[in-house]
Amino acid sequence: KIQSRKWDYVILQEQSQGPLSKRDSMFENGKKFDAEIKKQGAKTILYMTWALQDKPEDQAAISKAYLDLAKDLKCQIAPVGNAWEAAIKANDKLVLHNKDKKHPNATGTYLAACVIYATIYGRNPEGSPGSIGKLTDEEARPLQAIAWKMVQSAGK
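Residues numbered from 1 in each chain as written. Predicted model: local features only at pLDDT ≥ 70, side-chain atom pairs only at ≥ 80, totals over all residues. Heavy atoms only, no water.

(A) Up close: the environment of L52. Relative to the elements of secondary structure, L52 occurs in the loop between β2 (43-47) and α3 (59-73). Accessibility expressed as a relative area gives 16% for L52, which makes it buried. In the structure, L52 is positioned 70 residues away from G122 in sequence and 28 Å away in space, judged by C-alpha atoms. Filtering out sequence-adjacent residues up to four positions away, L52 remains in contact with Q17, H97, K101 and K102. (Helix = DSSP H or I, 4+ residues; strand = E, 2+ residues; numbered from the N terminus. Buried < 20%, exposed > 50% of the residue type's maximum accessible area, 1.4 Å probe, protein only. Contact = heavy atoms within 4.5 Å.)

And the structure:
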């Protein structure tokens, strides 16, 4: 697929627990994909995953794996996992996971989309309508602010 057309960006994401259980494979395959992406003239973005709902303590190791790989590849990172962690710390009643405690619910998906938008466009998503993610604008604002803050801090 990477070779099938001209891309501006290609976003790579390891299986959610891959940074914990298959870090070496994540790095090996990330480097292979990145080489192909660069051959096509595109830029790689790493989509940082989040910890399982009942294992929030895993986020530090997940984040470190993505940050280390981004440094190795000299590529951008979409710090979705960090944004999830920050959002949950800011509002302990916030639920971002689906009932399976792994995948995102609509709110988690909305937050991830805000991070991806901010990463690709380098723009603050604040002020975007929450209705896209089935949230009220009032519910969406804090998520937008967290997404922007995490994207800004990921570049440092």
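(B) Examining helix α4 (residues 80-90) more closely. For α4, every residue scored as buried is listed here: V80, G81, N82, A83, W84 and A87. Buried-residue contacts for α4 involve β2, α3, β3 (76-78), α5 (106-121) and α6 (137-154).

(C) Local environment of the pattern of salt bridges. A complete count under the given rule lists seven salt bridges for this structure. The closest approach of N and O atoms between R23 and D68, which form a salt bridge, is 2.7 Å. Of this pair, R23 sits in helix α2 (residues 23-39) while D68 sits in helix α3, and the two are 45 residues apart along the sequence. Among the residues examined, D68 registers a relative accessible area of 22% and is labelled partly exposed. When the shortest N-O distance is used, the salt bridge between K38 and D34 registers 2.8 Å. Taken together, the residues span about one helical turn, with K38 and D34 both in helix α2 at a distance of four residues. When its relative accessible area of 45% is taken as the criterion, K38 is described as partly exposed. A relative accessible area of 5% means that D34 is categorised as buried. Among the charged side chains, a network of salt bridges with common partners joins R23, K64 and D68. (Salt bridge = Lys/Arg side-chain N within 4 Å of Asp/Glu carboxyl O.)

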